[in-house]
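Secondary and tertiary structure notes
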Amino acid sequence: MLHRLTISELTARLARREVSARDAMQACLDQVARVDGDIKAFLSLSPTDALAQADAADQAIAAGADFSAQPLLGVPIALKDVLAVKDQPLNCASRILGSFTSPYDATVVTRLKAAGAIIFGRLNMDEFAMGSSTENSAFQTTRNPWDTSRIPGGSSGGSAAAVAADECIASLGSDTGGSIRQPAALCGCVGMKPTYGRVSRYGLVAFASSLDQIGPFTKDVRDAATVLEVISGHDPRDATSIPQPVPRYTQALTGDIRGLRLGLPKEFMVGGLDPEVKRAVDAAVTHLQSLGATVQEVSLPHTDHDVAVYYIIATAEASANLARFDGVRYGARVDGDDPFKMYGNTRGAGFGAEVKRRIILGTYVLSSGYYDAYYLRAQKVRTLIRQDYLRAFEQVDAIITPTTPTPAFRLGEKAGDPLQMYLSDIFTIGCNLAGIPGLSLPCGFAPNAERGTRNAKLPIGLQLLGKPFGEETLLRLAHAYEQTTPWHREHAL
Amino acid sequence: MSAPDFNIKYVAHLARLKLTPEEEQQLGAQLGNILGYIEKLKEVDVAGVEPTAHAFPMVNVFRADEVRPGLSNDDALRNAPKRASGLFVVPKVVE
């Protein structure tokens with residue numbers, strides 16, 4: 001049952017030599033063998049390599065390694081297929097990368113390895129992180145562990161499902177418009193998007209460079225703080241990484257949230273919100289008040305424009321970032337008589353429908369004659385959206401919202417209507433546009449009456465948004481809530 | 001469709017994407033729908049508002065101009081679809 005443990009539970013047992021890292025790694029591999037035929041979170045993994053890393057961790061522990069210096073020693077962690085791990089495959093769940101293997105480690109991977117983590121497996125995602133259901137993977141459709149007829153969310157659906165199904169102890173994903181928080185909410189785990197610039201993106205395949213951040217998926221809030229502490233910090237290899245000291249996030253978990261001021265944005269409690277989600281979030285607000293936080297209404301008046309601004313800025317940046325996939329330097333080339341034909345053939349054959357849709361949209365909004373009307377206007381509205389958040393944070397310490405308007409939807413339910421899919425991100429996008437930190441944690445369940453499901457319920461996520469570099473406040477609030485509610489102790493399988 | 005001058009063939013050419021006729025038709029219709037939705041941004045008064053390119057703009061991020069280890073030629077070429085003599089091979093560019 002070692003695969004069901006949290007990071008803090010596992011490392012405590014490892015430190016006491018009650019269990020070995022090999023046992024923990026083997027337990028995760030066994031769970032993958034047992035359930036991943038249904039869940040389909042993993043695109044690939046190497047048990048031999050994973051167990052070799054586990055043995056190295058066991059040797060380090062036997063030699064007296066210090067867990068305070070290596071807080072992830074012997075902890076099996078899996079990664080979204082968008083992060084570079086030296087000599088491992090990297091595909092972004094796309095055909096266009098062919099048999100690519102990474103020549104170097106992403107900075108987050110270097111940091112995880114230095115902290116002692118066992119890095120294993122490539123987790124499924126929407127192709128190039130474009131999607132909200134993981135249905136846009138070129139390889140397979142990941143299922144929600146709570147109900148395999150439903151989506152796990154996206155784009156980091158594999159990262160969320162693997163943690164929720166106890167196939168790994170923790171995972172990393174990336175969040176451009178909600179791609180960590182939304183799947184964490186729908187799969188019932190903790191997911192965090194740090195402040196823009198907090199975590200280096202060196203070795204993260206770029207989607208929308210002014211929005212992307214890497215963050216953890218974990219089974220509880222303490223683990224999120226532990227992983228965030230490891231992966232955060234300035235990196236000369238990422239010019240957008242901010243040279244600011246990294247707090248000891250785990251020390252922020254005091255349990256005391258008395259006097260913290262919470263803001264409820266009136267624009268978020270609108271039509272389309274599932275009644276069960278509303279009920280759970282209302283109850284969570286009441287609970288946080290009972291713990292001593294104060295609650296007031298705040299206004300984010302430009303919220304209604306988040307999705308439109310996002311789909312201009314994110315697609316514009318994506319169209320530029322994905323220009324590098326042209327069959328010249330890496331990936332699966334489709335020949336042509338001249339370079340232009342080769343680019344077009346390679347990209348036409350290699351990219352899936354959603355990626356093509358976004359490249360076309362992004363190219364259009366940047367094209368001559370339309371730049372001012374679309375891209376520049378969107379950047380200006382982005383300023384207004386960011387100002388709304390910063391103004392709200394003059395009155396409150398954190399903003400509290402549902403993470404998603406509904407629990408997990410069914411496979412195929414929105415696949416044919418891109419705009420409906422885009423609107424499922426309505427509560428998570430503002431955080432990326434404003435560059436602030438956000439966290440989703442379980443806050444209850446909606447009944448799921450359908451037959452044939454393993455569990456008769458679906459997780460609901462609570463989103464906490466903080467000031468720039470306000471991660472400690474979010475973690476403190478989330479931890480205090482979590483430790484006085486039962487939701488995080490439930491397992492999907 | 002709110003952007004009547006949206007020409008899928010032209011934009012696909014700019015994006016260096018070869019599309020099938022079916023893709024052109026489907027993407028054209030879906031993008032018309034999405035562009036229609038995006039039109040709502042025209043309601044917002046942005047007079048005098050500065051654009052945001054980055055939430056925390058960092059300017060002149062320099063590092064010391066020092067030689068340090070980088071990828072080897074072999075590592076840089078390890079994923080190349082075609083390589084020869086330590087170089088990427090591409091179709092002929094000039095006559």
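So, here is what we can say about the structure in this document. This structure is a prediction, so every number in the text was calculated from the model and none was measured.

Reading the values: rules and limits
Residues numbered from 1 in each chain as written. Chains lettered and ligands numbered in written order. Predicted model: local features only at pLDDT ≥ 70, side-chain atom pairs only at ≥ 80, totals over all residues. Heavy atoms only, no water. Buried < 20%, exposed > 50% of the residue type's maximum accessible area, 1.4 Å probe, protein only. Helix = DSSP H or I, 4+ residues; strand = E, 2+ residues; numbered from the N terminus. Polar contact = N/O pair within 3.5 Å; in protein donor to acceptor, adjacent residues only side chain to side chain. Contact = heavy atoms within 4.5 Å. Buried area = accessible area lost by both parts, 1.4 Å probe. Salt bridge = Lys/Arg side-chain N within 4 Å of Asp/Glu carboxyl O. Nonpolar A, V, L, I, M, F, W, Y, C, P; charged D, E, K, R; others polar. Core = buried A, V, L, I, M, F, W, Y, C linked by side-chain atoms within 4.5 Å. Pairing = 2+ DSSP bridges. Axes fitted to C-alpha atoms, helices over the stretch in contact; angles between N-to-C directions.

Let's talk about helix H7 (residues 221-231) of chain A
Residue and element names in this part refer to chain A. Extensive coverage of H7 is indicated by the burial of nine of its eleven residues. Turning to H7, its buried residues number three or more, namely Val-221, Asp-223, Ala-224, Ala-225, Thr-226, Val-227, Leu-228, Val-230 and Ile-231. Looking at where H7 begins, the residue whose side-chain oxygen comes 3.4 Å from the main-chain nitrogen of Arg-222 is Asp-220. Immediately downstream of H7, the backbone of Gly-233 shows phi near 125°, a positive value.

What to know about the interface of chain A and chain B
Opposite the 76 residues of chain A that make contact, chain B presents 53 residues. The largest contributions to the chain A side of the interface with chain B come from Ile-360, Tyr-364 and Arg-377 of chain A, which together make up 12% of the buried area. At the surface where chain A touches chain B, the tally comes to four salt bridges. Between Asp-304 of chain A and Lys-40 of chain B there is a salt bridge, and its shortest N-O distance comes to 3.5 Å. Along the contact surface separating chain A from chain B lie 21 residue pairs in polar contact (both at pLDDT 80 or more). Counting only elements with at least two residues in the side of chain A that touches chain B, the list comes to helix H9 (306-321), helix H10 (339-350), helix H11 (353-366), helix H12 (372-392) and helix H13 (418-423) of chain A. Tallying contributions element by element places H12 of chain A first for the side of chain A that touches chain B, with eleven residues. Considering only residue class, the side of chain A that touches chain B consists of 36 nonpolar, 22 polar and 18 charged.

Some words on the nonpolar core
By size, the foremost hydrophobic cluster in this structure holds 172 residues, and its most contacted members are Leu-72, Leu-112, Phe-128, Ile-360, Tyr-389 and Leu-475 of chain A. The residues touching Leu-72 of chain A, leaving out its near neighbours within four places in the chain, are Ile-7, Ile-77, Leu-112, Ala-115, Gly-116, Ala-117, Thr-226, Val-227 and Val-230 of chain A.

Comments concerning the sheet that holds strand E8 (residues 294-298) of chain A
Residues and elements named next belong to chain A. Strand order across the open sheet formed by eleven strands is E1-E3-E2-E4-E6-E5-E10-E11-E9-E7-E8, with mixed pairing between neighbours. The sheet terminates laterally at strand E1 (42-44) and E8, the two strands that pair on one side only. Geometrically, the sheet is characterised by an average inter-axis angle of 35° between neighbouring strands, direction not taken into account.

This is a description of form; function is not addressed.
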